[in-house]
Amino acid sequence: MNPASGNAQAAAFDFPVWFKQTFDIKFEKLLSSLGDTVYMLGWGLIIGAVIGFILALLLVFCRKGGLWQNRVVYAVVNVYVNIVRSMPFIITLVFVFPLTRLIVGKTYGSTAMLVPLVIFISPYLARLMENSLLEVSPGIIEAAQAMGATTWQIITRFMLPEALSSIVLALTTGTVGLLGATAMAGYAGGGGVGDLALTYGYQRYNLPLLILTIVILVLFVQLLQLLGNKISARLRAHR
Amino acid sequence: MIQIEHVSKTFAGGSGDVHALRDVSIRVEKGEIYGIVGFSGAGKSTLLRLVNGLERPDEGSVTVNGQKLAALNKAQLRLLRRKIGMVFQQFNLLEGKTVFANVAIPLKLAGVSREETERRVAEVLRFVELEDKRTAYVSQLSGGQKQRVGIARALATNPEILLCDEATSALDPQTTESILRLLQRVNREMGVTILLITHQMQVIQMICSKVAVMEQGRVVEEGAVLDVFGRPKAEVTRRFVRTVINDRIPEKFVTVVRSETRYQQVELLKFIGDAVQEPLIAQLCRTPGLEVNILGANIQEMQGSVMSVFILQLIGEEALVAAAEERIDAAGALRERLVMDE
Ligand SMILES: Nc1ncnc2c1ncn2[C@@H]1O[C@H](COP(=O)(O)OP(=O)(O)OP(=O)(O)O)[C@@H](O)[C@H]1O
Ligand SMILES: [Mg+2]
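Parameters at a glance
- Residues numbered from 1 in each chain as written.
- Chains lettered and ligands numbered in written order.
- Predicted model: local features only at pLDDT ≥ 70, side-chain atom pairs only at ≥ 80, totals over all residues.
- Heavy atoms only, no water.
- Helix = DSSP H or I, 4+ residues; strand = E, 2+ residues; numbered from the N terminus.
- Rg over C-alpha atoms; globule rule 2.2 N^0.38 Å.
- Contact = heavy atoms within 4.5 Å.
- Buried area = accessible area lost by both parts, 1.4 Å probe.
- Salt bridge = Lys/Arg side-chain N within 4 Å of Asp/Glu carboxyl O.
- Polar contact = N/O pair within 3.5 Å; in protein donor to acceptor, adjacent residues only side chain to side chain.
- Nonpolar A, V, L, I, M, F, W, Y, C, P; charged D, E, K, R; others polar.
- Phe/Tyr/Trp six-rings, centres within 6.5 Å; stacked < 30°, edge-to-face > 60°.
- Buried < 20%, exposed > 50% of the residue type's maximum accessible area, 1.4 Å probe, protein only.
- Near = heavy atom within 4 Å.
- Areas by Shrake-Rupley, 256 points an atom, 1.4 Å probe, with all protein chains shown as cover.
- Patch = residues over 30% accessible without salt bridge, like charges linked within 9 Å, V, L, I, M, F, W, Y side chains within 5 Å.
- Lys, Arg positive; Asp, Glu negative; His and termini not counted.
- Charge placed at Lys NZ, Arg CZ, Asp CG, Glu CD.
- Pairing = 2+ DSSP bridges.
- Axes fitted to C-alpha atoms, helices over the stretch in contact; angles between N-to-C directions.
- Parallel < 35°, antiparallel > 145°, perpendicular 65-115°, else oblique.
- Left-handed = near helix turned anticlockwise from the far one by under 90°.

**Q** It is not clear to me how the overall build of chain A should be interpreted in this structure. Could you clarify?
**A** Assigned secondary structure in chain A consists of eleven helices and zero strands. Overall, chain A shows an N-to-C arrangement of helices and strands of α-α-α-α-α-α-α-α-α-α-α. Taking 239 residues into account, the globule formula puts the C-alpha radius of gyration at 18 Å, and chain A, at 23 Å, lies well above it. By its C-alpha atoms, chain A is 90 × 45 × 25 Å across when sized along the principal axes.

**Q** Could you clarify how one ought to interpret the interface of chain A and chain B in this entry?
**A** Contacts between chain A and chain B engage 17 residues on the former and 23 residues on the latter. Each partner contributes to the roughly 1,800 Å² buried at the junction of chain A and chain B, and carbon and sulfur atoms together form 62% of this total. Here chain A and chain B share one salt bridge between them. The interface formed by chain A and chain B includes four residue pairs in polar contact (both at pLDDT 80 or more). A per-class count over the side of chain A that touches chain B returns seven nonpolar, six polar and four charged.

**Q** How should I be thinking about the packing of aromatic side chains in this particular structure?
**A** By convention here, two paired aromatic rings are described through the distance between centres and the angle between planes. Residue and element names in this part refer to chain A. Following the criterion strictly, the structure yields twelve aromatic pairs over all chains and no others. A centroid spacing of 5.5 Å and a plane angle of 35 degrees characterise the contact between Phe 15 and Trp 18, whose relative ring orientation is tilted. Of this pair, Phe 15 and Trp 18 both sit in helix H2 (residues 15-23), three residues apart, which is roughly one turn of the helix. Judged by its relative accessible area of 35%, Phe 15 falls in the partly exposed class.

**Q** Help me out: how do you make sense of the site of ligand 1 in this one?
**A** Residues and elements named next belong to chain B. Neighbouring ligand 1 are Phe 11, Val 18, Ala 20, Phe 39, Ser 40, Gly 41, Ala 42, Gly 43, Lys 44, Ser 45, Thr 46 and Glu 166. One nitrogen or oxygen atom from the side chain of Ser 45 is found 2.7 Å from an oxygen atom belonging to ligand 1. For ligand 1, whose free accessible area comes to 630 Å², the fraction covered by protein is 60%. Broken down by secondary-structure element, the contributors of at least two residues to the shell around ligand 1 are strand E2 (16-28) and helix H1 (44-51). Here the element with the most residues in the shell around ligand 1 is H1; it accounts for three residues.

**Q** Where do I start with unusual backbone geometry in this structure?
**A** The backbone of His 6 of chain B sits at a positive phi, close to 45 degrees, despite the residue not being glycine. Relative to the helices and strands, His 6 of chain B resides in strand E1 (residues 2-13).

**Q** What exactly am I supposed to notice about a positive patch on the surface here?
**A** On the surface, Arg 157 of chain A together with Lys 97, Lys 108 and Arg 114 of chain B cluster together into a patch of positive charge. Residue position: Arg 114 of chain B is located in helix H4 (residues 114-127). Exposure remark for Arg 114 of chain B: the relative accessible area of 66% places this residue in the exposed category.

**Q** Help me understand the pattern of salt bridges in this model?
**A** Oppositely charged side chains can form a pair if their charged atoms are brought close together. On inspection of all chains with the given rule, the structure shows 23 salt bridges over all chains. Here Asp 24 of chain A makes a salt bridge to Lys 20 of chain A, at a shortest N to O gap of 3.8 Å. When its relative accessible area of 42% is taken as the criterion, Asp 24 of chain A is described as partly exposed. Classification of Lys 20 of chain A by relative accessible area gives partly exposed; the value is 38%. Note that Glu 291 of chain B is salt-bridged to Arg 262 of chain B, the shortest N-O span being 3.1 Å. Residue Glu 291 of chain B is found in strand E12 (residues 291-302), and its partner Arg 262 of chain B is found in the loop between helix H10 (251-259) and strand E11 (264-272); the two are separated by 29 residues along the sequence. According to the relative accessible area criterion, Glu 291 of chain B is partly exposed, its value standing at 31%. Note on Arg 262 of chain B: relative accessible area 44%, which makes it partly exposed. Overlapping salt bridges, with partners in common, bring together Glu 267, Glu 325, Asp 329, Arg 335 and Arg 337 of chain B in one network.

**Q** Which parts of the structure should I look at to understand the sheet that holds E12 of chain B?
**A** Strand pairing within a sheet occurs via backbone hydrogen bonds; the two strands may be parallel or antiparallel. Residues and elements named next belong to chain B. In space, the four strands of this open sheet follow the order E12-E13-E11-E14, with antiparallel pairing throughout. On the outer flanks of this sheet lie E12 and strand E14 (334-338), each paired with one strand and no other. Ignoring strand direction, the axes of neighbouring strands in this sheet form an average angle of 20 degrees. As judged from the eleven bridges shared by E12 and strand E13 (residues 305-315), these two strands associate in the antiparallel manner. If you follow Asn 293 over to E13, its bridge partner there is Gln 313.

**Q** Explanation requested: the packing of helix H9 (residues 151-190) of chain A against helix H3 (residues 99-109) of chain B in the structure shown.
**A** For any two helices packed against each other, one specifies the inter-axial angle together with the distance between the axes. Running from N to C, H9 of chain A and H3 of chain B point in directions that differ by 155 degrees, and their axes come no closer than 12 Å. As the angle between them shows, H9 of chain A and H3 of chain B are arranged roughly antiparallel. The interaxial crossing formed by H9 of chain A with H3 of chain B has right-handed handedness. On H3 of chain B, the residues touching Gln 153, Arg 157 and Phe 158 of chain A of H9 of chain A are Ile 105, Lys 108 and Leu 109 of chain B. Here the residues of the contact of H9 of chain A with H3 of chain B are counted per class, giving three nonpolar, one polar and two charged.

**Q** Help me understand the environment of Leu 209 of chain A in this model?
**A** Residues and elements named next belong to chain A. Secondary-structure assignment places Leu 209 in helix H11 (residues 207-236). Separated by 25 residues in sequence, Leu 209 and Arg 234 place their C-alpha atoms 37 Å apart. Dropping the residues within four chain positions of it, Leu 209 is found in contact with Phe 23, Ile 25, Leu 196, Tyr 200 and Gly 201.

**Q** Looking at this structure, how should I read the packing of helix H10 (residues 193-202) of chain A against H11 of chain A?
**A** All names here are of chain A. Contact geometry for H10 and H11: axes closest at 8 Å, N-to-C directions at 165 degrees. When the interaxial angle is binned, H10 and H11 end up roughly antiparallel. Between H10 and H11 lies a crossing whose hand is left-handed. Seen from H10, the contacting residues are Val 193, Leu 196, Ala 197, Tyr 200, Gly 201 and Tyr 202; seen from H11, they are Leu 209, Leu 210, Thr 213, Ile 216 and Leu 217. Here the residues of the contact of H10 with H11 sort into nine nonpolar, two polar and no charged.

Right, dumping it as structure tokens:
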């Protein structure tokens, strides 16, 4: 009826405004939440993988018949891994508050959340990587020893290359698990997409925002899995 | 070159201890191809692994190149291992890597320069006749080719000793033969001392100069291959020798032998060397009153020599048969009476 007003509306389409109207938060808020999630996920994964790999090596080498066969070390690591893995993340989170305060100086914010995230994910990654490393045939390790390889060389030149494709899949699985934990960590003060879904979406009965965050998380997981499978397949290409 | 003296090794197993080695002593001289044969579980691999310190003896001593292994620290042991190549039944290669990468590994571990590595890898690949597979992935190779890569890898660091743990057991007979020929060239052209273990007597026959026979953790017989094949003493040795030298009388002849009512002896004769045996057998045949039947005959090549095996049935008066036996012994044949059990 009033063509002029229609034109004006189309010309003035303003994404941030539309976003705020639809989801009841600023677009920047979504971006910074995504940033927080990626931050926690990335660093959690890197630090968790390093610690997890060390634990996995201890599990593989100290077990019966292993290179460093040592019942005490094996038992300690094994029990530690089992205990941490049997604790729900939210319990771990609260439980390590003192440690978090000691290391980071505060118990809120995404950096502080890295402490419980790493403690939570590293035993999980350790178990997965342990399995990957155990897939390496003992014959390969025997051949390495027979060549006069040092333990470090056995790890870096034989076990890692042999297990890498399987380790990538393990890390992918671990990352998906970590993503779930970051949501809870976010809720407890770390920010991120999970936090967005819970505090803004769920508690304020903001259904569109809730759906948006779910879509984002699903896409995220799909993307991670796709990437993990691709890299792993590429590494396995010649066997 | 390798001395193993009074070595014992026991593993604690779930169902009691396993005595893998019991007071074993062997001595391998420089330039030999020394074979150890035995059935599964006899302790062969354990014995072989003593030589490069992958296994440590509970008792006894292992000396390689004048060095007592027990006296070496970890770093010294690693240096020694570079002078001892090892080849495996399951190849134990990095399947996802190229032939070049696999053969280059021991050189990289030893800190050899890139150019030198390139040169040496090319050299050993030429030796094992795989130059054209340099960039192929191991997973794309046949079993025989994989074992050639395994041998090339073991030779890369110019070892003085090569240990082979059932190197041909995963291969078909034809490929086995080509790998054995290759090992023989390694021994002759590179002067590498080879200690190999196998459960196939053909392997011993084809390339070894010395053999030790193992049973239940013990060396039950040892000696030059021709001697052991000629006069096997232990029951296991006889069983192994039988796998290449048929000393059984064909089933059809057994009834013939059993139904013979006259005095008779069945004799297993082995002649070593290229002397012609026909005159002896022809002479025997011409003995009046003596009947000679050939129940079996075969010829084996080993150690660059020939072993001819005959199974003869001698029928006649006891004295005549005894005289024939003397003549056989005088001709230098290894003779034994075969007992026909009813
Ligand atoms: N690490 C180990 N722990 C426990 N038992 C072992 C170990 N290694 C070997 N054995 C046992 O010692 C015995 C000899 O083993 P070894 O591998 O030397 O035999 P082998 O002659 O090489 O047999 P095969 O032909 O099957 O390879 C076997 O009974 C085996 O089970
Ligand atoms: Mg064995």
